[in-house]
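Breakdown of the fold
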Amino acid sequence: MPDASTEYEVLIVGGGLTGLYQLYRAREHGWSVRLLEAGGGVGGTWYWNRYPAARTDSEGYSYAYFMNEELLQSWDWKETFPAQPDLERYYNEFVDRFDLRRDIELNTRVTAAEYDEPSGRWTLRTATGQTFVTRYLVAASGVLSVPHFPDIPGAGEFAGPVHHTAQWPAEGVDVRGKRVAVIGTGSSGIQLIPAIVDEVGSLTVYQRTANWAMPLNNKPLSPQEQEDIRRNYPALRELLRRTSGGFVHEDATRKTFEDSESERRAHYERLWNGQGMRAMFSTYADLVTDPAANAEFSRFLAEKIRSIVTDPVVAEKLIPSDHGFGMKRPPMENGYYEAFNRSHVELVDLRANPTRRITATGIESEDRLREFDVIVYATGFDAFTGALLKMGIRGRDGVSLNDTWADGPFTYLGVAVPGYPNLLIDSGPHGTYGNIPRSAEVQVDFVTELVNHARAHGYERIEATTEAAEAWTAHVYEAAQYYLLADGAWYVGGNVPGKPRRFLPYSWGIPTYRSKLDEVVAAGYRGFEFA
Ligand code: N01
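As the structure is a prediction and not an experimental result, all values here were calculated from the model. (Residues numbered from 1 in each chain as written. Predicted model: local features only at pLDDT ≥ 70, side-chain atom pairs only at ≥ 80, totals over all residues. Heavy atoms only, no water.)

Take the site of the ligand next. Near the ligand lie 26 residues; those nearest to it are Thr 185, Ser 188, Arg 208, Thr 209 and Trp 490. At 2.9 Å, a backbone N or O of Ser 187 approaches an oxygen atom of the ligand. Between the ligand and Ser 188 there is a distance of 2.6 Å, counted from an oxygen atom to a side-chain nitrogen or oxygen. The protein chains hide 89% of the 910 Å² of surface that the ligand would expose on its own. When residues in the shell around the ligand are grouped by element, the largest group, three residues, is from helix 6 (residues 187-196). Across the shell around the ligand, the residue classes break down as nine nonpolar, 11 polar and six charged. (Near = heavy atom within 4 Å. Polar contact = N/O pair within 3.5 Å; in protein donor to acceptor, adjacent residues only side chain to side chain. Areas by Shrake-Rupley, 256 points an atom, 1.4 Å probe, with all protein chains shown as cover. Helix = DSSP H or I, 4+ residues; strand = E, 2+ residues; numbered from the N terminus. Nonpolar A, V, L, I, M, F, W, Y, C, P; charged D, E, K, R; others polar.)

Below is the structure:
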């Protein structure tokens with residue numbers, strides 16, 4: 001453990017897949033670096049989200065780190081969509097293989113980060129009372145890393161165990177024969193519900209907004225498929241660089257009504273039977289831009305839900321009425337709809353039957369009190385800005401980032417904020433977003449070269465100009481206008497009461513974002529000032 005006076009050139013906050021990759025790059029370039037991680041282990045999302053059946057909906061081989069051929073060749077993806085334990089193992093193996101662990105400080109949550117203008121240094125304080133000083137503060141604190149707990153009256157009164165999917169205990173939760181409530185039907189709830197349905201005594205699902213889920217269609221990978229994957233990494237890398245989300249799914253080029261009804265139907269069926277996020281990218285080019293096209297696909301999905309869920313009243317409740325497919329990030333499911341055919345599963349529609357309060361024994365709704373042994377919050381995250389705004393960041397003149405972003409984030413390229421010199425953001429608002437390792441590597445590589453540029457020229461300070469940040473922030477919002485978006489989506493801040501409604505990620509895809517960064521570099525880091 002470093003003593004209080006230890007100073008680094010770079011401190012990375014966050015030991016998830018983004019921060020670990022940043023640490024790898026930092027090492028490669030010989031920076032004096034340390035990584036601070038709040039959790040007791042590495043892996044970020046894949047350390048915290050240990051709920052049953054937590055897994056990616058990115059094909060594992062597209063989710064790998066691509067910068068080291070030996071690493072690529074030495075890891076076998078056992079199933080198409082790896083589960084949390086496999087991914088946690090992957091990040092631990094990565095850290096050990098490249099001897100990164102000696103630069104990682106676990107159980108170290110940053111609670112304050114203050115910039116000192118005269119020295120050009122950031123001082124970080126942690127929840128455990130440590131102090132670190134650094135020239136560059138690199139935030140890799142994640143976009144879905146701060147769990148959101150809804151403010152329900154009486155929430156602290158429940159006498160039994162209460163768990164959030166994103167803070168699932170490592171020893172697991174015993175739900176066998178128990179009366180379990182799950183609040184929330186986003187990707188986490190939709191993965192969890194079928195995974196525990198066989199074990200619980202009863203399951204009550206509290207749904208505020210129905211969601212469009214499609215089958216994940218996960219399957220084990222045979223030794224032959226694994227070998228093919230290892231051989232085909234060069235081609236895969238090119239595909240992932242080309243597709244808008246950095247997924248294996250090609251972006252659709254045809255529009256919905258260019259196909260006849262029967263062609264469309266056949267295409268929709270193929271998507272339903274396909275794997276992962278394919279429908280999000282490969283349905284039709286106008287899926288999330290043309291309301292009629294969107295309604296067409298959503299109608300198809302509604303029919304699917306009606307065909308699976310035997311109780312027509314429950315089926316109608318499970319069909320979203322306030323947004324079409326893709327207007328929110330769609331969850332991928334494995335037996336979710338079927339779970340509602342089980343006699344011990346109840347769906348509580350919170351719009352028709354709101355929660356009054358939580359009591360010592362259960363959840364009291366308008367109609368009645370339901371008693372439980374365990375309550376699970378699957379209520380999502382304070383996305384994109386949550387982690388940064390919880391870090392106590394103060395820039396020049398002690399100005400708080402929370403004040404600077406009171407009306408929503410203000411950034412240049414999602415990487416830098418005027419007034420916050422040497423704060424560089426690897427994962428946050430206004431940056432690129434997609435298959436996370438693929439979007440993260442673009443941003444991390446840019447930040448790495450930006451710091452290298454400053455080092456090579458003997459600069460000690462990097463800061464975005466206000467004009468550049470104004471133009472980028474306006475561009476992020478303008479870019480999002482082309483898409484059909486659900487009001488309550490977490491990527492517009494709609495899931496957290498009081499959060500400014502702003503479109504949070506950059507929406508024109510990873511290749512476009514990468515080319516914008518390339519232009520900035522080619523123009524001598526236009527929009528940045530160095531001193
Ligand atoms: O969170 P969510 P999540 N009372 O925000 C409900 C990634 N991920 O953890 O829609 C009652 O999507 C809320 O209702 P509403 C993925 O990117 C990926 O599920 O706001 N309910 C919603 O139903 C995903 O999109 C995987 O009306 C309340 C739910 O809680 C992102 O993480 C797996 C409420 C939250 O859904 C977030 O997913 C898991 C309240 N007061 C996560 N407040 C993969 O498969 C909120 N809710 C890769």
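Before going further, it helps to examine the packing of helix 9 (residues 261-273) against helix 11 (residues 291-308). Helix 11 packs onto helix 9 with a crossing angle of 60 degrees between their chain directions and a minimal axis gap of 11 Å. Overall, the two elements helix 9 and helix 11 adopt an arrangement that is oblique. Seen from above, helix 9 lies across helix 11 with right-handed handedness. Two secondary-structure elements touch here, helix 9 through Arg 264, Arg 265, Tyr 268, Glu 269, Leu 271 and Trp 272 and helix 11 through Ala 293, Glu 296, Phe 297, Phe 300, Leu 301, Glu 303, Lys 304 and Ile 308. Looking at the contact of helix 9 with helix 11 residue by residue, the class counts come to eight nonpolar, no polar and six charged. (Axes fitted to C-alpha atoms, helices over the stretch in contact; angles between N-to-C directions. Parallel < 35°, antiparallel > 145°, perpendicular 65-115°, else oblique. Left-handed = near helix turned anticlockwise from the far one by under 90°. Contact = heavy atoms within 4.5 Å.)

With that settled, consider the pairing of strand 13 (residues 355-358). In terms of strand pairing, strand 13 meets strand 14 (residues 362-365) through three bridges, oriented antiparallel. Looking at strand 14, one finds that Arg 357 is bridged to Glu 364. Counting the residues in the hairpin turn of strand 13 and strand 14 gives three residues. (Pairing = 2+ DSSP bridges.)

Right, let's talk about the pairing of strand 4 (residues 110-116) for a bit. Direction of pairing for strand 4 relative to strand 5 (residues 121-126): antiparallel, over a ladder of six bridges. Paired with Glu 114 across the strands is Thr 123, a residue of strand 5. Count of turn residues in the strand 4/strand 5 antiparallel hairpin: four residues, of which Gly 120 carries a positive phi of about 65 degrees. Examined bridge by bridge, strand 4 and strand 17 (residues 393-394) share two bridges and lie parallel to one another. Residue pairing across strands places Ala 113 opposite Ile 393, the latter belonging to strand 17.

Let us now look at unusual backbone geometry. Apart from glycine, the bulk of residues carry a negative phi angle, and the bulk of peptide bonds sit in the trans form. Phi at Asn 422 takes a positive value of approximately 65 degrees, unusual for a residue other than glycine. With respect to the helices and strands, the residue Asn 422 is situated in the loop between helix 15 (401-404) and strand 18 (423-425). In this model, His 430 sits at a positive phi of 70 degrees, which is unusual for a non-glycine residue. For His 430, the position within the fold is in the loop between strand 18 and helix 16 (436-456). With a relative accessible area of 0%, His 430 lands in the buried category. (Buried < 20%, exposed > 50% of the residue type's maximum accessible area, 1.4 Å probe, protein only.)

With that out of the way, let us pick up the packing of aromatic side chains. Per the counting criterion, the structure on display carries 41 aromatic pairs. Centroid distance Phe 66 to Tyr 233: 5.6 Å. Interplanar angle 90 degrees. Geometry classified as edge-to-face. On the criterion of sequence distance, the pair formed by Phe 66 in the loop between helix 3 (60-63) and helix 4 (69-74) and Tyr 233 in helix 8 (residues 233-242) is long-range, its members being 167 residues apart. A residue is classified by how much of its surface remains accessible, and Tyr 233, at 0% relative accessible area, is buried. Here Phe 446 and Tyr 525 contribute two aromatic rings whose centre-to-centre distance is 5.9 Å and whose plane-to-plane angle is 50 degrees, an arrangement assigned as tilted. (Phe/Tyr/Trp six-rings, centres within 6.5 Å; stacked < 30°, edge-to-face > 60°.)

Generally speaking, soluble globular proteins have nonpolar side chains that are buried together. Counting residues in hydrophobic clusters, the biggest one holds 68 residues, and the most contacted among them are Tyr 91, Leu 413, Val 415 and Phe 528. Residue contributions to this core peak at eight residues, all from helix 16. Beyond its immediate sequence surroundings of up to four residues, Phe 528 is in contact with Tyr 412, Leu 413, Val 415, Ala 416, Phe 446, Leu 450, Ile 462, Glu 463, Ala 464 and Val 520. Membership of the second largest hydrophobic core comes to 53 residues, among which are Met 277, Ala 279, Phe 300 and Ile 319. (Core = buried A, V, L, I, M, F, W, Y, C linked by side-chain atoms within 4.5 Å.)

Our next topic: the sheet that holds strand 7 (residues 162-164). What the five strands build is an open sheet, ordered 7-16-8-9-12; its pairing is parallel. Lying at the two open borders of the sheet, with one neighbouring strand each, are strand 7 and strand 12 (345-349). Recorded for the sheet is a direction-independent mean angle of 20 degrees between the axes of neighbouring strands. Examined bridge by bridge, strand 8 (residues 179-183) and strand 16 (residues 374-377) share four bridges and lie parallel to one another. Across the sheet, Ala 181 pairs through a bridge with Ile 375, a residue of strand 16. Together, strand 8, strand 9 (202-207) and strand 16 form the strand contacts of helix 6, whose direction differs from that of strand 8 by roughly 165 degrees.

Before going further, it helps to examine the sheet that holds strand 14. Pairing is antiparallel across the open sheet formed by three strands, whose spatial order is 13-14-15. Edge strands, defined here as strands with exactly one partner in the open sheet, are strand 13 and strand 15 (369-371). Strand-to-strand, the axes of this sheet are offset by a mean angle of 20 degrees, without reference to chain direction. With three bridges connecting them, strand 14 and strand 15 associate as antiparallel partners. Of the residues in strand 15, the one forming a bridge with Ile 363 is Arg 370.

We now examine helix 1 (residues 17-28). For helix 1, built from 12 residues, the straight-helix expectation of 16 Å at 1.5 Å per residue is met to within 8% by its first-to-last C-alpha distance of 17 Å. With 10 of 12 residues buried, helix 1 lies mostly within the body of the structure. Along helix 1, the positions that sit buried rather than exposed are Leu 17, Thr 18, Gly 19, Leu 20, Tyr 21, Gln 22, Leu 23, Tyr 24, Arg 25 and Ala 26. Following helix 1 by one or two positions, Gly 30 adopts a phi angle in the positive range, close to 70 degrees. (Expected span 1.5 Å × (residues − 1).)

Turning our eyes to something else, we now look at the packing of helix 1 against helix 16. Contact geometry of helix 1 with helix 16 gives a least axis separation of 9 Å together with a crossing angle of 35 degrees. Relative to helix 16, helix 1 is oriented so that their crossing is right-handed. On the side of helix 1, the interface is formed by Leu 17, Thr 18, Tyr 21, Gln 22 and Arg 25, while helix 16 contributes Ile 436, Pro 437, Ala 440, Glu 441, Val 444, Asp 445, Val 447 and Thr 448. Here the contact of helix 1 with helix 16 is composed, by residue class, of seven nonpolar, three polar and three charged.

That's the geometry; what it means functionally is another story.
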